[in-house]
Amino acid sequence: MHISNITLDRETATTVYGNIYGLSYLKEQDDFTVEVFIDCTNKRIKVLDYQAATVRAMVEYLNYLARENGFGKVVLVSREEDWETCISYGYILEGFIQEYFRGEKPGYCLTRFFDKERRISQFIEDEDEILQEILAQPSTVNLKKLSEDSRLRSAGIEDIPALAELFTAVFSSYPAPLYKPEYLEQVVGKKSHFKIIEHQGKIVSAASAEINRTNMTAEMTDCATLPDYRGQGLMSILINALEIEMKKEHIHTLYSLSRALSHGINLVFHRHGYTYGGRLINNCNIMGKFEDMNLWVKHLNVKSLH
């Protein structure tokens, strides 16, 4: 049995028996409050939300968590007033999301590395070549029609076993445990809106929008198509359908982290009018290794709720 010893702060630690994806923890002090996801799968500390009167104190806590847990990086989306302070403490700017906070203020995607190997991309030249090929193409999309024996719809809890089977078939590893039905039960129709395409009753392609209602943003993610069905424009149909749903939810900003080595998925977001916003180096464990992820951003024309 796998045993994980996880440090939460200087006074608190826990032991987990069995495999663990990660856990959330809220750290509150007089000079900062930060909610983190201690991401054991991707060996990183991910900041989910924060308020900091003293940025230095928060940064020191995040750095402590990464070191004590043996993780290679800390990632956070910083507010405009904080990012330069974070830079002065060794963080670097990897990406930029205009209008990230409730459609009004930008977000700065910052990273602090704690592992020399983690901060060096092994495929940067190949990724740059792929990106330039994509950016040279027009940012327009022509949606194809589904065949008569295929249909597009939202996924529900009854689809969880088939979704887990799809993700297992497509990914040898993934940043989140999509192959586990018990994980999907926590996100399908709750944290995330899933769209699927069925062919003759079988799910052959899926994608989701993971909604952050605090900031009124959504991450377009969990994009998967069975090999035999690729090149048919299915993912474009799914992305378009999710965008329609996000407008109904009054979501202001969409973004996606796409494998920098994958020509297809980056091209899909470019054609849908997403803007390239940077590259997160060795960001997550996908397809059996740590990979770089391209950031793509799109702003929806929705009315503010305040």
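Structure: above.
Residues numbered from 1 in each chain as written. Predicted model: local features only at pLDDT ≥ 70, side-chain atom pairs only at ≥ 80, totals over all residues. Heavy atoms only, no water.

This part is about unusual backbone geometry. Notably, H250 is not glycine yet its phi reads approximately 65°, a positive angle. Take H250: it is sitting in the loop between α6 (234-248) and β13 (253-259). Phi is positive for M287, which is not a glycine, with a value near 55°. Looking at where M287 falls in the secondary structure, it is placed in the loop between β14 (275-286) and β15 (289-299). (Helix = DSSP H or I, 4+ residues; strand = E, 2+ residues; numbered from the N terminus.)

Turning to the pattern of salt bridges, a few remarks are in order. Tallied over the full model, the rule gives 15 salt bridges. Here E291 ties to K289 by a salt bridge, and the two come within 2.8 Å at their closest N and O atoms. K289 sits in the partly exposed class, given a relative accessible area of 32%. Connected through shared salt-bridge partners, R151, R153, D159 and E198 make up one network. (Salt bridge = Lys/Arg side-chain N within 4 Å of Asp/Glu carboxyl O. Buried < 20%, exposed > 50% of the residue type's maximum accessible area, 1.4 Å probe, protein only.)

Below, the discussion takes up the nonpolar core. Counting 53 residues, the largest nonpolar core has L163, F167 and L184 as the members making the most contacts within it. At 7 residues, α6 tops the list of elements feeding residues into this core. Those residues in contact with F167, other than ones at most four positions away along the chain, are L178, L184, F194, A206, D222 and A224. (Core = buried A, V, L, I, M, F, W, Y, C linked by side-chain atoms within 4.5 Å. Contact = heavy atoms within 4.5 Å.)

So, on to helix α1 (residues 55-69). Under the 1.5 Å per step criterion, the end-to-end length of α1 is 21 Å for 15 residues, consistent within 8% with the ideal 21 Å. Three or more residues of α1 are buried, namely V55, A57, M58, V59, Y61, L62, N63, Y64, L65, A66 and N69. Two residues or fewer past α1, G70 is found with a positive phi of approximately 70°. (Expected span 1.5 Å × (residues − 1).)

What follows concerns the layout of surface pockets. In this structure, the second largest pocket encloses a volume near 490 Å³. Every residue lining the second largest pocket is counted, 24 residues in all, and those nearest its centre are I20, Y21, C40, T41 and Y179. Broken down by secondary-structure element, the contributors of at least two residues to the lining of the second largest pocket are β1 (3-7) and α4 (160-170). Looking at the lining of the second largest pocket, the element that brings in the most residues is β1, giving 3 residues. Per-class residue counts for the lining of the second largest pocket are 12 nonpolar, 10 polar and 2 charged. (1 Å grid on protein atoms, 1.4 Å probe; cavity = no way out; pocket = protein on both sides within 12 Å on 5 of 7 lines; lining within 4 Å. Points joined across faces, edges and corners; volume = space filled by probe spheres on them. Nonpolar A, V, L, I, M, F, W, Y, C, P; charged D, E, K, R; others polar.)

What follows is about the packing of α6 against helix α7 (residues 263-271). Relative orientation of the contacting elements α6 and α7 amounts to 45°, with a least axis distance of 10 Å. In this view, α6 runs oblique relative to α7, as classed from their interaxial angle. As for how α6 packs across α7, the hand of that crossing is right-handed. Note on element contacts: α7 touches α6 through I265, V268 and F269, opposite M235, S236 and I239. Class assignment of the residues belonging to the contact of α6 with α7 gives a composition of 5 nonpolar, 1 polar and no charged. (Axes fitted to C-alpha atoms, helices over the stretch in contact; angles between N-to-C directions. Parallel < 35°, antiparallel > 145°, perpendicular 65-115°, else oblique. Left-handed = near helix turned anticlockwise from the far one by under 90°.)

With that settled, the discussion passes to the side chain of N283. Examined against the element boundaries, N283 turns out to sit in strand β14. Among all residues touching N283, those that are not within four sequence positions of it are N42, R44, K73, V75, R118, L257, E291 and M293.

Moving on: α7. In an α-helix, one turn spans 3.6 residues, which is why side chains three or four residues apart end up on the same side. Of the positions making up α7, those classed as buried are I265, N266, L267, V268, F269 and H270. Buried residues in α7 make contact with α3 (124-135), β12 (217-225), α6, β13 and β15.

Here A176 lies in the loop between α4 and α5 (181-187). Separated by 137 residues in the primary sequence, A176 and D39 place their C-alpha atoms 9.5 Å from one another. Ignoring any residue separated from it by four or fewer positions in sequence, one finds A176 in contact with Y21 and Y183.

With 5 bridges joining them, β1 and strand β2 (residues 13-17) adopt antiparallel strand pairing. Within β2, the position partnered with I3 by the bridge is Y17. Following β1, the chain reverses through 5 residues before pairing antiparallel with β2. (Pairing = 2+ DSSP bridges.)

What follows deals with the packing of α3 against α7. Taken N-terminus to C-terminus, the directions of α3 and α7 make an angle of 35°; their axes are 10 Å apart at the nearest point. Regarding α3 and α7, the two cross each other, and that crossing is right-handed. Here I130, E133, I134 and L135 of α3 come into contact with α7, specifically with H263, N266, L267 and H270.

Among the 9 residues that make up strand β8 (residues 105-113), 8 are buried, leaving the element largely enclosed by the rest of the structure. As paired elements, strand β6 (residues 73-78) and β8 share 6 bridges and run antiparallel to each other. Note on β8: the bridge partner recorded for V75 is T111. Pairing of strand β7 (residues 92-101) with β8, which is carried by 6 bridges, proceeds in the antiparallel orientation. Looking at the pairing, G95 lines up with C109 of β8. Between the end of β7 and the start of β8, which pair antiparallel, lie 3 residues, with R102 showing a positive phi angle near 55°.

Geometry only, nothing functional implied.
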